Amino acid sequence: MSQQTTGRLYGVGLGPGDPELMTLRAVRAIAEADVVAYHSARHGRSIARSIAAEHLRADHIEEALVYPVTTETTDHPGGYRGAIEDFYTEAAARLAAHLDAGRTVAVLAEGDPMFYGSYMHMHKRLADRYPTEVIPGVTSVSAAAARLGTPLAEGEEVLTILPGTLPEEELTARLAATDAAVVMKLGRTFPAVRRAFEASGRLPEARYVERATMAGERLGDLADTDAGSVPYFAVAVLPSRVDARPGPGPDGGGVTVVGTGPAGPLWLTPETRGALAAADDLVGYTTYLDRVPVRPGQTRHGSDNKVESERAEFALDLARRGRRVAVVSGGDPGVFAMATAVLEVASQEAYADVPVRVLPGVTAANAAAARAGAPLGHDYAAISLSDRLKPWDVIERRLAAAASADLVLALYNPGSRSRTWQVGKARDLLLEHRSPDTPVVLGRDVGGPAESVRTVRLADLDPADVDMRTILIVGSSQTRWERRGEGRSLVWTPRRYPES
């Protein structure tokens, strides 16, 4: 007796709605099928079925997979998620019965079967048991861009696809950080999605597409769309910025001082990414500008690290002419960096009407501390050892005061080719207040290709090991240094003092 052969499962992508956008392979798969299955809401109408209607035959067995709920209101003991999981399990069992009987089953899916579609839930439950073929389809994302007649992403731009069901703050962060985006699943999520676009500063660029390629298609600007009229089958689109950069906002130009963190893109915040992408001009020390990707339509103005005031004035002059300027700083712009220089120049009467904002970044101290463990876990002081902008006797007084207060110390700008003695002087002063065994973290090029983070005793701190790319973290009397397995060291400062 021969073993019965099972049927074949097809996941058939139908495209965004226009039946003429179905692929030839999708049409053939429906023709080969004995059973045609499609999802629908409780009203029984199925968009997938309507797209494929002209290819259905009288001898097709139709399986309508009707969702038990379409919102999260349900009396199911497992809630909405439990009701949906039970539904998918039951639907897969119905299709498995046909497959076991040797019938070929085509599950219809709007758009692409593996892109935010219902078919994938059948696929995960059946594909490991039956011969399966997934037939891709044109997505609503591609359809929306085509109907808008606007490039979606070009060159090195990043395209982000977002479900409108994400929390509003998450949407805001992701919209701020990306070049181009499509937000799907609108409908009742639209008010929150619109607020996210507005909060991220991207609303003027955003477009709206409803039922792309289908009857009732509607295109427009997102800002002008009535929330009460938005269906589920609508998307919000941020098109490519290349060749379509928006003009200055209602207040004209402005300056945003941004911190890139201690190294490359991994250290950027979403807000900073957005500000860098939206700028007409980037101004900064050339080393820091090199961390920022080159974008079409932007002008980059690099300069030496010792002309902070001139750089700030140049940026403010650009903004006064209506340009959106990002002043690029390493680390956090407000910690021994460019924010102070910009604000100092901006305080002049000539720039009183130029908007200036500062966006935070990961500081060198925070980055090095995280690599070492948690040496900044209690009170600490940040002091620059550079005597280029303040006299050394001021630095000595501050070091002595912080050391006598038993504060952990984050020492910035410890040395350079022209400043070689400051580290030794600081070490000797600190040894008057700290044990020779006090741990000192040396963090060099943290986050960069030449990263080095190691810990030494205060008494063993060698100025020759320190340069301008190094930050020092000197522990307090309470700071602990533990050598763990595989030779790794961890340094941390307890949050509780013994007397507490």
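About the cut-offs
- Residues numbered from 1 in each chain as written.
- Predicted model: local features only at pLDDT ≥ 70, side-chain atom pairs only at ≥ 80, totals over all residues.
- Heavy atoms only, no water.
- Buried < 20%, exposed > 50% of the residue type's maximum accessible area, 1.4 Å probe, protein only.
- Helix = DSSP H or I, 4+ residues; strand = E, 2+ residues; numbered from the N terminus.
- Arc of directions from axis to C-beta.
- Contact = heavy atoms within 4.5 Å.
- Salt bridge = Lys/Arg side-chain N within 4 Å of Asp/Glu carboxyl O.
- Pairing = 2+ DSSP bridges.
- Axes fitted to C-alpha atoms, helices over the stretch in contact; angles between N-to-C directions.
- Left-handed = near helix turned anticlockwise from the far one by under 90°.
- Nonpolar A, V, L, I, M, F, W, Y, C, P; charged D, E, K, R; others polar.

**Here's the deal with helix H11 (residues 338–346)**
Regarding H11, the residues found buried are Met-338, Ala-339, Ala-341, Val-342, Val-345 and Ala-346. One face of H11 carries all of its buried residues, which in axial projection span an arc of 165°. Turned more than 90 degrees away from the buried face of H11, the exposed residues are Thr-340 and Glu-344. Where H11 is buried, its residues meet strand S11 (254–259), helix H10 (308–320), strand S14 (324–329) and strand S15 (356–359).

**Quick notes on the pattern of salt bridges**
For side chains bearing opposite charge, pairing can occur when the charged atoms are close. Tallied over the entire structure, the rule returns 32 salt bridges. In this structure, the salt-bridge partner of Glu-205 is Arg-241, at a minimum N-O distance of 3.5 Å. Here Arg-241 lies in the loop between strand S10 (234–238) and S11 and Glu-205 lies in the loop between helix H7 (190–199) and strand S8 (207–210), a separation of 36 residues in the sequence. Comparing Glu-205 with Arg-241, the two get one shared label, buried. A salt bridge links Arg-427 to Asp-428, with the shortest nitrogen-to-oxygen separation between them at 3.2 Å. Salt bridges sharing partners connect three or more residues here, namely Arg-8, Arg-25, Glu-32 and Glu-133.

**Here we look at the sheet that holds strand S2 (residues 35–40)**
Sheet architecture is open: five strands sit in the order S3-S2-S4-S1-S5, paired in parallel fashion. Every interior strand has two partners, whereas the edge strands, strand S3 (61–66) and strand S5 (132–135), have only one. Going across the sheet, the axis of each strand differs from the next one's by a mean of 20°, ignoring polarity. Against the sheet, helix H1 (residues 24–32) touches strand S1 (9–13), S2, strand S4 (105–109) and S5, its axis set at about 140° to S1.

**So, the packing of helix H3 (residues 79–100) against helix H4 (residues 119–126)**
With their axes 9 Å apart at the nearest point, H3 and H4 run at an angle of 65° to one another. Crossing angle aside, the handedness with which H3 passes H4 is right-handed. Residues Glu-85, Tyr-88, Thr-89, Ala-91, Ala-92, Leu-95, Ala-96 and Leu-99 of H3 touch H4, and the partners they reach there are His-121, Met-122, Arg-125 and Leu-126. Looking at side-chain class alone, the contact of H3 with H4 contains eight nonpolar, two polar and two charged residues.

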